[in-house]
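Listed below are the residues making up each chain.
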Number of protein chains: 2
Amino acid sequence: MENERPLILISNDDGFMAKGINELVKYVRPLGDIVVMAPDSPRSGMACAITADRPVKYTLMKKEPGLAVYKCSGTPADCIKLAKYAVLDRQPDLVIGGINHGDNAAVNVHYSGTMGVVIEGCLSGVPSIGFSICDHNHDADFEPTADIIRSITQKVIDNGLPKGICLNVNFPLCPEIKGVKICRQTVGQWTHEWARRSHPNGSEYFWLTGDFENHEPDEEDTDNWALNHDYAAITPTKVDVTAYEVMDQLKAWNL
Amino acid sequence: MENERPLILISNDDGFMAKGINELVKYVRPLGDIVVMAPDSPRSGMACAITADRPVKYTLMKKEPGLAVYKCSGTPADCIKLAKYAVLDRQPDLVIGGINHGDNAAVNVHYSGTMGVVIEGCLSGVPSIGFSICDHNHDADFEPTADIIRSITQKVIDNGLPKGICLNVNFPLCPEIKGVKICRQTVGQWTHEWARRSHPNGSEYFWLTGDFENHEPDEEDTDNWALNHDYAAITPTKVDVTAYEVMDQLKAWNL
């Protein structure tokens, strides 16, 4: 029966036309039936944003055996919500975001629309993986990631993931990836974040830019260390963001 | 000296005109010098989104001793980044998001633009607090929250917060709040998320809606339990989302 094959729902934040998502579909297509619902244009930096103030639409762009591709007017997280509501006839076995053009390691997990896809999948109870590469080039070479992507995807299909936990997988920009490291999120922050410009009318405006300042460049268990040393970084990521370790301290404030 | 007073940077996702942010300013103004930089119109559900594809502007709307108010064309997180870059002459002592019209308990922390403000503040190393109330009404009565907001704010000014940890504070909708509980994030998920409509041309579109399904309604340590029982809920929230507890399990996959 057709629906014994795993059902894999894919989205991203670079849009359905991006090379990254199309390469991803190519790599994982042997592993299941694929439904893509991805933004109709780039939505980088959209995090887990949802569309509350206007309606959302989708359009079928391609349908062939084992693959359907839809574009959607909403955010990356909307894409997952809407695909599950409107086009899937059963719960997907897997949600994948990516392959993102640009890494989502360290604090970028909080801004990433691709990780928005993954967190949305995870919140809805589906094992979910995000793939990203340290290359913003629209024609990035994703080929060195193909075997690792298939291998991680198959492992998650076979084993599932613990409830409330998803994977944030980042690939280095290098011709040969040395291997895979299980990592923690690097501590650091963005600095020099704006470039100031003047409009001809004299008003000022600002472009978001910035440098990432790694606060622990020598810590070998961090995702940025792995990427800087040509390893793929898998950072297991949780959707329960409670800081359990400070609850007693806060109770002592006697508010 | 003027700058011995704490410098408090405030934003939200409902926009600078919203009642919630103006009430917040009123409540905390005795505690420090206030700079508001908030979106020029509502940005609900924007999470930690940042603006990557167009420039961002801000405009001074009001300046009086101890208070400056700016509106900004960007997202809630942009507001914090841009205020720090362009209008503040020193690191703020505190970032506050809110008061949000609508709660940000449970999984809402992932979608909330108000919590985007708070996470952005926390990532930049500033003690940060989000305040939200279980009332979407534009004319909500925030008065029952005033004393608790001042008390929490003063505690954070006095004690700081541990690095990488911020506070997600939610208030029940009730005339008299029974007290404050230190909580964890409720496990649950949104269901029935879309309402389908037809355009006169026959095409379909969808409005985001939904019901929150609480998976643990009887757990007294959750934020939703507190809110449902007329307590304010303080959920300490961390920006390191690594799932440390599954790292060994993933290493055993031998990828």
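Nothing here was measured: the structure is a model prediction, and the numbers come from that model.

### Here's the deal with unusual backbone geometry
Inference 1: Put simply, Gly98(A) and Ile99(A) share a cis peptide bond, and its omega is -10 degrees.
Inference 2: By the secondary structure assignment, Ile99(A) is in strand E5 (residues 94–101).
Inference 3: One non-glycine residue with positive phi stands out, namely Asp230(B), at about 70 degrees.

### Quick look at the interface of chain B and chain A
Inference 1: Between chain B and chain A, the contact holds 71 residues from the first and 71 residues from the second.
Inference 2: In total, chain B and chain A occlude about 6800 Å² of area from one another, counting both sides; carbon and sulfur atoms represent 68% of this.
Inference 3: On the chain B side of the contact with chain A, Trp194(B), Trp253(B) and Leu255(B) bury the most area, a combined 12% of that side's loss.
Inference 4: If you look at where chain B meets chain A, you find four salt bridges.
Inference 5: Notably, a salt bridge pairs Glu245(B) with Lys238(A), separated by 3.0 Å at the nearest N-O pair.
Inference 6: There are 30 residue pairs in polar contact (both at pLDDT 80 or more) connecting chain B and chain A.

### What about the layout of surface pockets?
Inference 1: Space inside the largest pocket adds up to approximately 1200 Å³.
Inference 2: What lines the largest pocket is a set of 45 residues, and nearest its centre among them are Ile50(A), Ala52(A), Ser44(B), Gly45(B) and Met46(B).
Inference 3: The class makeup of the residues in the lining of the largest pocket is 12 nonpolar, 21 polar and 12 charged.
Inference 4: For the second largest pocket, the calculated volume is near 830 Å³.

### Remarks on the sheet that holds strand E7 (residues 165–171) of chain A
Residues and elements named next belong to chain A.
Inference 1: Reading across the sheet, the nine strands line up as E3-E4-E2-E1-E5-E6-E7-E13-E8 and stay open at both edges, with mixed pairing between neighbours. Sheet topology places strand E3 (58–64) and strand E8 (180–182) at the edges, where each strand pairs with a single neighbour. Looking at each pair of strands side by side, their axes are set apart by 20 degrees on average, direction ignored.
Inference 2: Inspection of the sheet shows E8 paired to strand E13 (residues 232–238) by three bridges, in the parallel sense. In the sheet register, Lys181 faces E13, and the bridge partner there is Ala233.
Inference 3: Against the sheet, helix H1 (residues 19–28) engages strand E1 (7–11), strand E2 (33–39), strand E4 (67–72), E5 and strand E6 (128–133), with an angle of about 135 degrees to E5.
Inference 4: Packed on one face of the sheet, helix H4 (residues 146–159) meets E1, E5, E6, E7, E8 and E13 and runs near 170 degrees to E6.

### Quick look at the relation of the copies chain B and chain A
Each of the two chain copies can be generated from the other by rotation about an axis followed by a shift along it.
Inference 1: Mapping chain B onto chain A calls for a screw motion: a turn of 180 degrees about the axis and a shift of 0.0 Å along it, with 0.0 Å RMSD after fitting. Such values leave the two copies arranged in the relation of a two-fold axis.
Inference 2: The fraction of interface residues of chain B whose copies in chain A are also interface residues reaches 100%, indicating that both copies meet through the same surface.

### Some words on the UniProt feature "domain: Survival protein SurE-like phosphatase/nucleotidase" (unreviewed entry) in chain A
Inference 1: Residues annotated in UniProt with the feature "domain: Survival protein SurE-like phosphatase/nucleotidase" (unreviewed entry) correspond here to residues 8–191 of chain A.
Inference 2: Helix and strand shares over residues 8–191 of chain A are 26% and 28% respectively, and the end C-alpha atoms of the span are 37 Å apart.

### Re the side chain of Asn170(A)
Residue and element names in this part refer to chain A.
Inference 1: Among the secondary structure elements, Asn170 is positioned in strand E7.
Inference 2: At a separation of 3.1 Å, a polar atom in the side chain of Asn170 contacts the side chain of Asn168.
Inference 3: In this structure Asn170 touches Asp103, Asn104, Ala105, Ser132, Leu227, Tyr231, Ala232 and Ala233, once residues within four positions along its chain are discounted.

### Focus: the nonpolar core
Inference 1: Core analysis: the biggest nonpolar cluster contains 50 residues, and Leu9(A), Met37(A) and Leu82(A) have the highest contact counts within it.
Inference 2: Elements with a contribution of two residues or more to this core: E1, E2, E4, helix H2 (76–87) and helix H3 (113–123) of chain A together with helix H3 (113–123) and strand E11 (204–208) of chain B.
Inference 3: In this structure Leu9(A) touches Val35(A), Met37(A), Ile80(A), Ala83(A), Lys84(A), Leu88(A), Pro92(A), Leu94(A), Val95(A) and Ile96(A), once residues within four positions along its chain are discounted.

### A look at the pairing of strand E7 (residues 165–171) of chain B
Across a regular strand the side chains alternate sides, sitting on one face of the sheet and then on the other.
All names here are of chain B.
Inference 1: Burial within E7 is extensive, with seven of its seven residues counted as buried.
Inference 2: Both faces of E7 are covered, namely the face carrying Ile165, Leu167, Val169 and Phe171 and the face carrying Cys166, Asn168 and Asn170.
Inference 3: In terms of strand pairing, strand E6 (residues 128–133) meets E7 through five bridges, oriented parallel. Considered in E7, the bridge of Gly130 is made with Asn168.
Inference 4: Crossover handedness for the path E6 to helix H4 (residues 146–159) to E7: left-handed.
Inference 5: When E7 meets strand E13 (residues 232–238), the two strands line up antiparallel, connected through six bridges. The residue bridging Val169 from the neighbouring strand is Ile234, located in E13.

### What to know about the pattern of salt bridges
Inference 1: Overall, the coordinates contain 28 salt bridges over all chains when judged by the stated rule.
Inference 2: Arg184(A) serves as the salt-bridge partner of Asp221(A), at 2.9 Å between the closest nitrogen and oxygen. On the criterion of sequence distance, the pair formed by Asp221(A) in the loop between strand E12 (211–214) and helix H5 (223–228) and Arg184(A) in the loop between E8 and strand E9 (188–191) is long-range, its members being 37 residues apart.
Inference 3: The closest approach of N and O atoms between Arg150(B) and Asp147(B), which form a salt bridge, is 3.1 Å. Taken together, the residues span about one helical turn, with Arg150(B) and Asp147(B) both in helix H4 at a distance of three residues.
Inference 4: Overlapping salt bridges, with partners in common, bring together Lys81(A), Glu120(A) and Glu193(B) in one network.

Scoring rules and cut-offs
Residues numbered from 1 in each chain as written. Chains lettered and ligands numbered in written order. Predicted model: local features only at pLDDT ≥ 70, side-chain atom pairs only at ≥ 80, totals over all residues. Heavy atoms only, no water. Helix = DSSP H or I, 4+ residues; strand = E, 2+ residues; numbered from the N terminus. Contact = heavy atoms within 4.5 Å. Buried area = accessible area lost by both parts, 1.4 Å probe. Salt bridge = Lys/Arg side-chain N within 4 Å of Asp/Glu carboxyl O. Polar contact = N/O pair within 3.5 Å; in protein donor to acceptor, adjacent residues only side chain to side chain. 1 Å grid on protein atoms, 1.4 Å probe; cavity = no way out; pocket = protein on both sides within 12 Å on 5 of 7 lines; lining within 4 Å. Points joined across faces, edges and corners; volume = space filled by probe spheres on them. Nonpolar A, V, L, I, M, F, W, Y, C, P; charged D, E, K, R; others polar. Pairing = 2+ DSSP bridges. Axes fitted to C-alpha atoms, helices over the stretch in contact; angles between N-to-C directions. Least-squares fit on C-alpha atoms with pLDDT ≥ 70 in both. UniProt positions renumbered as here; feature names shortened; annotations may be inferred. Core = buried A, V, L, I, M, F, W, Y, C linked by side-chain atoms within 4.5 Å. Buried < 20%, exposed > 50% of the residue type's maximum accessible area, 1.4 Å probe, protein only. Right-handed = clockwise from strand over helix to strand, strands pointing away.

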